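The lines below spell out each chain.
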Amino acid sequence: HSPCWGENKNIEHCSYTLDLLFYTITEGKEMIPVSQFISALRSTGLLTSDPRLSDCMRQLRQSMQDSAGTVMMDPKLFRKCVGANILLLTQAFRRKFIIPDFEAFASNINQLYYSTQRQVGGHVADYIPQLAKFSPDLWGVSLCTVDGQRHSAGDTKVPFCLQSCVKPLEYAIAVHEIGTEHVHRYVGKEPSGLKFNQLSLDEEDKPHNPMVNAGAIVISSLLKVRGFLGVMEYLKKMSGTEYVGFSNATFQSEKETGDRNFAIGYYLKEKKCFPKNADMIAALDFYFQLCSIEVTCESGSVMAATLANGGICPITGEQVLSAEAVRNTLSLMHSCGMYDFSGQFAFHVGLPAKSGVSGAVLLVVPNVMGIMCWSPPLDRVGNSVRGIHFCQELVSLFNFHNYDNLRHFARKLDPRRQSLDDRVSKG
């Protein structure tokens, strides 16, 4: 609840702030339909389903039940509904969020979405029967900013398996739980320069990094003691309790077609890569389970935003992962996250990302937003054709590349800046 209500002396100030906010939203009118307030709220990027607004929405629903006909919002109802969210809503309506003009930004994202939709080519992964069932026409993009502003376009409510997108997430959980030093006793930090499912170790006989299969299998053995439900709980918190599921059919398919991963497991066992007393078959089983966890673009974008926000979930405010775990994870995603295209992606897009053979691309714009793109057709290295194209177009339009200069940029937009008109009018 807002600190406004802590002491009596603040109540008067709060009342004034709320009235000021009310007349900002209504443009000076004494009352507006509740639907207009909801529209104004959505224009800032906040969803009515945002957990931070649950009190506000409950009060609104109650008012609508209690009255017949169109419910009008006056200063009294506004105070009642908004009291607990004054700080958040003041930021929202005064355009103090990371993306001040969210409607214009969302419109640009829609344009990128539709231009990318025209990209054809690539093949839906078929080595796992469950993956082959998805239509090549599916295409969704969701984003969530570090302030919890949300936007989605396309097939963003369809569940799909994380596959390799789980690798940075399990690594982040492992570092958060057992520390950088302990984790990197077993796995390196270097790009391998080889295919993701290669039987290959570095000169210290460790997997090259946590983003290749060998590294992720070893990380799975470290996390096994936390159990599947333990990892699911972390992912649920990262998604702000949005959809996180499990595809048992994919899990069974993974086990039945996982000869290469079993070969990697035995190779790791021979080279003594696992922690003492680790059960290699159990670690592989756990790895297959984690790859079979399902998300949607919408829930995945909140997970990506938690990484963008230093481990704090933007829509709940909960610190899920340590800042160190997130920093390590983003560093490795930047150098190793996109299979054999990682160097090219770092050069052209300049943002940490991770792809999976389900067609997912989890993209992080640090300190700004997380994005989840999903389209099943893959290119020859296993990245989503539309996902890659969208990321490249995003960075062509906005100055999100890690090495874009934020002061002297001529041809790119910076959605983090208020337009000059806004800044002048607000004095």
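Residues numbered from 1 in each chain as written. Predicted model: local features only at pLDDT ≥ 70, side-chain atom pairs only at ≥ 80, totals over all residues. Heavy atoms only, no water.

In the nomenclature of an unreviewed UniProt entry, the chain is known as glutaminase of Oncorhynchus tshawytscha. For the record of the chain, the UniProt heading Sequence similarities (unreviewed entry) holds the text "Belongs to the glutaminase family." What the UniProt record of the chain gives under Catalytic activity (unreviewed entry) is the line "L-glutamine + H2O = L-glutamate + NH4(+)". (UniProt positions renumbered as here; feature names shortened; annotations may be inferred.)

K.L.:
For the sheet that holds strand β6 (residues 160–161), give the residues involved together with the corresponding values.
P.N.:
Here three strands make up an open sheet; going across it, the order is β6-β8-β7 and the pairing antiparallel. Two strands lie at the open edges of the sheet, namely β6 and β7 (245–246), each paired on one side alone. In this structure, β7 lies alongside strand β8 (residues 293–295), joined through two bridges in antiparallel fashion. By the bridge assignment, F246 is partnered in β8 with I293. (Pairing = 2+ DSSP bridges. Helix = DSSP H or I, 4+ residues; strand = E, 2+ residues; numbered from the N terminus.)

K.L.:
How would you explain the environment of R380 if you had to name every residue and give the values?
P.N.:
Mapped onto the fold, R380 is located in the loop between β12 (377–378) and α18 (385–397). Sequence-wise, R380 and C165 are 215 residues apart; in three dimensions their C-alpha atoms are separated by 18 Å.

K.L.:
So what's going on with the packing of aromatic side chains? Which residues, and what values?
P.N.:
Taken as a whole, this structure holds 16 aromatic pairs when the rule is applied. Here the aromatic rings of W139 and F390 are separated by 6.0 Å at their centres, their planes lie at 70°, and the arrangement is edge-to-face. One end of the pair, W139, is in the loop between α7 (129–132) and β4 (140–145); the other, F390, is in helix α18, and 251 residues separate them in sequence. With respect to class, W139 is no different from F390; both count as buried. With centroids separated by 5.9 Å and ring planes inclined at 50°, the aromatic side chains of F246 and F251 adopt a geometry described as tilted. Looking at F246, the relative accessible area reads 30%, which means it is partly exposed. Looking at F251, the relative accessible area reads 6%, which means it is buried. Linked through ring pairs, F22, Y23, F37, F78 and F93 together constitute an aromatic cluster. Positioned over the ring face of F286 is K224, at 5.4 Å from the centre of the ring. Over the aromatic face of Y339 sits the side chain of K354, whose NZ or CZ is 4.4 Å from the ring centroid. (Phe/Tyr/Trp six-rings, centres within 6.5 Å; stacked < 30°, edge-to-face > 60°. Buried < 20%, exposed > 50% of the residue type's maximum accessible area, 1.4 Å probe, protein only. Lys NZ or Arg CZ within 6 Å of the ring centre and 35° of its normal.)

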